[in-house]
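This is what each chain is made of:
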Amino acid sequence: MDATDGPAVIKLGVEDAMAGLVLSTEARWNQTEDDWRVFLHDGIVFGIRDGMRLVATAALLPYSGNNAWISMVLVSGTHRRRGLATRLVDACLETARTNGLTSWLDATPDGAAVYGPLGFAPVLQLRRLRLVNSDRASAQAPAAATLDSLCTRDRRANGFDRTTLLSKFAQRSGSRIVSANGAIALVREGRTARHIGPLLADNAAAALALVNAIAQSEGSPLLLDAVASQTAFLEGLTASGWTIERPFQRMRFGSATATGEEVPFAVAGPEFG
Ligand SMILES: CC(C)(COP(=O)(O)OP(=O)(O)OC[C@H]1O[C@@H](n2cnc3c(N)ncnc32)[C@H](O)[C@@H]1OP(=O)(O)O)[C@@H](O)C(=O)NCCC(=O)NCCS
């Protein structure tokens, strides 16, 4: 399909948060309406409508140091394989190019099939894990930590600053930042499960101990997105009841502008990096 063919690519506004949520819920993703508001308010979200109905989206969320995260690439099942995702990601890349931004994303296997041909190169692998965690909370929550300490550690790991994003997460009801033995993590609400991440720690034992303490104090289903090269951490999680749901491939378009000084144990989420 030619770029000028087909329905128009439009910029969405904050009033489209619910329509976006319908698309991410159709894909059984965990985002909430609040998550959509982050992309619609702080980033640029491109969309395609069929009549009044929003059928496809892609978002570009700028971070510091000329970096941006591309995510929420969603096409309704009724409209797939018509080139809509390609057109929307192209719109994100054009915006990134105009603004001199290096683009990053965490791709599902379906998404990687779209992004590879566009010129994205693989960087690292993630694994999405779920803990059913149906028991009642049986322990006290780990000690609370400050937003500042999380932002500082997150910047060290990613090489870019995400204070705006992490502050928004922290302000939501149900969010908490916890820390123990040099490990620190944020826990926030999701649509179907609470999400742990980012999680930074000095070693796998400290990361695992913090996740276990969170799980014992939560009593609801949990998700996290582990960096696959943290093998001892992954093995520890699966040994304590977490199951691997799917892989994500981190990819980058353009040259690296940021290098982290430590590898996170779990990221903020594939949609946020
Ligand atoms: C992945 C997704 C966004 C693709 O949307 P789409 O509009 O169908 O993609 P396009 O039509 O632009 O596909 C472009 C090319 O990518 C490849 N591709 C797309 N989907 C594919 C799939 N499921 N399997 C294999 N290749 C695929 C094909 O080469 C395709 O070209 P072709 O149709 O001419 O063969 C859509 O399937 C979707 O919403 N999936 C669920 C959510 C998701 O995984 N999003 C990606 C997050 S990273």
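Quick summary incoming for the structure in this document. All values reported here derive from a predicted model rather than from experimental measurement.

1. A closer look at the overall build of the protein chain
When its secondary structure is counted, the protein chain shows 8 helices and 11 strands. If one aligns the C-alpha atoms of the protein chain with their principal axes, the spans along those axes are about 55 × 35 × 30 Å. Among the 273 residues that make up the protein chain, the fraction classed as buried is 43%. Counted over contacts in the protein chain with a minimum sequence separation of 6, partners at least 24 positions apart contribute 72%.

2. Observations concerning the sheet that holds strand β10 (residues 222–227)
Hydrogen bonds between backbone atoms are what pair the strands of a sheet, whose relative direction is either parallel or antiparallel. Read from one edge of the open sheet, 11 strands run β1-β2-β3-β4-β5-β11-β6-β10-β9-β8-β7, paired in mixed fashion. In this open sheet, the two strands that pair with only one neighbour each are β1 (10–11) and β7 (176–180). Bridge analysis of strand β6 (residues 121–131) against β10 gives 6 bridges, and the strand direction is antiparallel. Across the sheet, Arg 130 pairs through a bridge with Leu 223, a residue of β10. Helix α3 (residues 84–98) rests against β2 (44–50), β3 (53–63), β4 (67–75), β5 (102–107) and β11 (243–253) of the sheet, and its axis sits at about 25 degrees to β3.

3. Topic: helix α2 (residues 33–42)
Those residues of α2 not exposed but buried are Asp 35, Trp 36, Val 38, Phe 39 and Leu 40. Residues of α2 that are buried sit in contact with α1 (17–26), β2, β3, β4 and α6 (163–171).

4. Comments concerning the site of the ligand
In the vicinity of the ligand, 17 residues are found, and the nearest of them are Arg 80, Ala 85, Thr 86, Gly 111 and Ala 113. Going through the elements one at a time, β4, α3 and α4 (109–118) are the ones with two or more residues in the shell around the ligand. Residue contributions to the shell around the ligand peak at 4 residues, all from α4. Each residue belonging to the shell around the ligand can be placed in one class, and the counts come to 9 nonpolar, 4 polar and 4 charged.

5. Describing unusual backbone geometry
That bond from Gly 197 to Pro 198 is cis: its omega, 5 degrees, falls within 30 degrees of zero. Assignment of secondary structure puts Pro 198 in strand β9 (residues 194–200). Positive phi is not limited to glycine here, since Met 72 has a value of about 55 degrees. Turning to its location among the elements, Met 72 is positioned in strand β4.

How each quantity is defined
Residues numbered from 1 in each chain as written. Predicted model: local features only at pLDDT ≥ 70, side-chain atom pairs only at ≥ 80, totals over all residues. Helix = DSSP H or I, 4+ residues; strand = E, 2+ residues; numbered from the N terminus. Buried ≥ 20, exposed ≤ 12 C-beta atoms within 10 Å, placed from the backbone. Contact = placed C-beta atoms within 7 Å. Pairing = 2+ DSSP bridges. Axes fitted to C-alpha atoms, helices over the stretch in contact; angles between N-to-C directions. Near = placed C-beta within 6 Å. Nonpolar A, V, L, I, M, F, W, Y, C, P; charged D, E, K, R; others polar.

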